[in-house]
Each structure stands twice: as C-alpha cells, then as structure tokens.
Amino acid sequence: MTKYRLFLLAVFVVAWTAAALSPTYRASWLLENLYIFALVPVIILVGYYFKLSNFSYTLITIFMLLHIAGAHYTYSEVPFGFTLQDWFNASRNIYDRLVHFSFGFLLAYPLREVFMRLSQTKGFWAYYFPFDLTLALSAVYEITEWALVRVTDPATGLAFLGVQGDVWDAQKDMLMAVTGAIVAMLVTFLINW
C-alpha cells in the first residue's frame, strides 16, 4: 500500500473513530455502518491485487467521509444539511440528497476505471456502464434500507430511513445518485475529449 493510500486510510479511520464515539442514535449508527464494515475490508484486500488510481481512492474516501457524518448525526439531523436547507429554501434537511448525489458523482469514476481495466471497455460503453451500475447500486441500497427498517424497532428504523415525511424519498435518492453519475461521466468525457 502506498504512502498516499495509507494516508487516506488513516484519515478515514480517525474520522470514523471520532464519529463512533457518541453518535446521535447508536442503533441507527450501527445500521448505517453495516456497509462500512463490509466494504472497507474488501476495498483494502482487493487493493492489494487490483489497484485503482490515487484519484479513485480519493473519491471513495471523500464519499465515505460524507457517509460517516450522516451516520454520526443521522442523515436528517446533520448540521450542514440544515445550512443546505436554508441555502436551497428546502422543506427538509437535504444532507441525505447531497450524499446520494455524491454517491453517483464520486463513485462513477472509480467504477469506470474498474470497467475499463476488466473488460477493456472503450467509447460510449465506458461512460454508460458506470452510470448504469450507479443506478443499480442505488436501487439495491434503497431496497436494503427498506428491508433493514422492516426488521428493526420503529424508532431506529425511522432514524435510519430518514425520509422526513417524503413518501418519494427512495425515488428521489436514486435520482440524485444517477444525476451525480451523469455529471461525473460528462465531466470525464469533456476532460478526455
């Protein structure tokens, strides 16, 4: 592992540890971190055999840091989300929307890098597949979120779900993720062009 990747891992571990010390709702924090517990070791282990660029690891780390903040406060109570709510004159804390947009915006490029290396994908498909997978992963997340809420106690489920009274929350979250992926792929295309 390079010094830069060790630095990113150290930043992540410090931020995660600080966020784990006294989260707003411990049970919701634990649910939010199930993906972290599963994916971070996979990213580290796979990284020994299949190395991504430092840029991709940086994007992944930024996304994880955004997620850690959401898990610490619960997404509906992140202080910066209230600032965004004021800026955009929204009816709710929109930190959740920011993180879903960031999911697409920050992770589409690493997904593109994987596709290009594994399948030698080029041209249109090198931009389409990351968009497509981002939408699919976003849907899987929303379905998993719903399934977890069904098996937890109602207070924990409500804090974890964070719909804030919006019956279309899952659909809007997926729209934000796919919008982020479209923007990322357009920027990537323009830079490559």
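Treat the numbers as computed from the prediction; the structure is a model and nothing was measured.

Reading guide: rules and limits
- Residues numbered from 1 in each chain as written.
- Predicted model: local features only at pLDDT ≥ 70, side-chain atom pairs only at ≥ 80, totals over all residues.
- Heavy atoms only, no water.
- Helix = DSSP H or I, 4+ residues; strand = E, 2+ residues; numbered from the N terminus.
- Rg over C-alpha atoms; globule rule 2.2 N^0.38 Å.
- Buried < 20%, exposed > 50% of the residue type's maximum accessible area, 1.4 Å probe, protein only.
- Contact = heavy atoms within 4.5 Å.
- Areas by Shrake-Rupley, 256 points an atom, 1.4 Å probe, with all protein chains shown as cover.
- Lys, Arg positive; Asp, Glu negative; His and termini not counted.
- Charge placed at Lys NZ, Arg CZ, Asp CG, Glu CD.
- 1 Å grid on protein atoms, 1.4 Å probe; cavity = no way out; pocket = protein on both sides within 12 Å on 5 of 7 lines; lining within 4 Å.
- Points joined across faces, edges and corners; volume = space filled by probe spheres on them.
- Nonpolar A, V, L, I, M, F, W, Y, C, P; charged D, E, K, R; others polar.
- Patch = residues over 30% accessible without salt bridge, like charges linked within 9 Å, V, L, I, M, F, W, Y side chains within 5 Å.
- Salt bridge = Lys/Arg side-chain N within 4 Å of Asp/Glu carboxyl O.
- Arc of directions from axis to C-beta.

Asker: An account of the overall build of the protein chain is requested, with residue identities and associated values reported.
Answerer: Helix and strand counts for the protein chain stand at nine helices and zero strands. Seen in sequence order, the protein chain has helices and strands lined up from the N terminus as α-α-α-α-α-α-α-α-α. Its C-alpha atoms give the protein chain a radius of gyration of 17 Å, near enough to 16 Å, the size a compact globule of 193 residues would have. Structurally, the protein chain occupies a C-alpha span of about 45 × 35 × 35 Å along its principal axes. Buried positions account for 41% of the 193 residues belonging to the protein chain. The contacts in the protein chain between residues at least 6 apart in sequence include a share of 69% that link residues at least 24 apart. Element-wise, carbon and sulfur atoms account for 75% of the exposed surface of the protein chain, whose accessible area totals about 10,800 Å². Considering the protein chain, the positive charge centre built from 11 side chains and the negative charge centre built from 12 side chains are found 14 Å apart.

Asker: Before we move on, could you go through the layout of surface pockets and cite the residues and values that matter?
Answerer: In this structure, the largest pocket encloses a volume near 900 Å³. Only α3 (34-49), α4 (54-73), α6 (95-119), α7 (124-151) and α8 (154-161) provide two or more residues apiece to the lining of the largest pocket. In terms of residue class, the lining of the largest pocket is made up of 25 nonpolar, four polar and three charged. Considered as a void within the structure, the second largest pocket measures approximately 150 Å³ in volume. Together, F124, Y127, Y128, F131, I182, M185, L186 and F189 line the second largest pocket. Elements with a contribution of two residues or more to the lining of the second largest pocket: α7 and α9 (169-192). By residue class, the composition of the lining of the second largest pocket is eight nonpolar, no polar and no charged.

Asker: Tell me about a nonpolar patch on the surface, residues and numbers included.
Answerer: Among the surface-exposed residues, M1, L6, L45, Y48 and Y49 lie close enough to one another that they form a single nonpolar patch of about 610 Å² accessible area. Per-element accounting of the nonpolar patch gives the leading share, three residues, to α3. Assignment of secondary structure puts M1 in the segment before α1 (3-21). Residue classification places M1 among the partly exposed positions, given a relative accessible area of 41%.

Asker: Kindly report on helix α5 (residues 79-87), identifying the contributing residues and their values.
Answerer: Within α5 the residues assigned to the buried category are G81, L84 and Q85. For α5, the buried positions fall inside an angular range of 105° around the axis, keeping them on one side. Exposed residues on α5 whose side chains face more than 90 degrees from its buried face are D86 and W87. Downstream of α5 by a residue or two, N89 has a phi angle that is positive, lying close to 50°.

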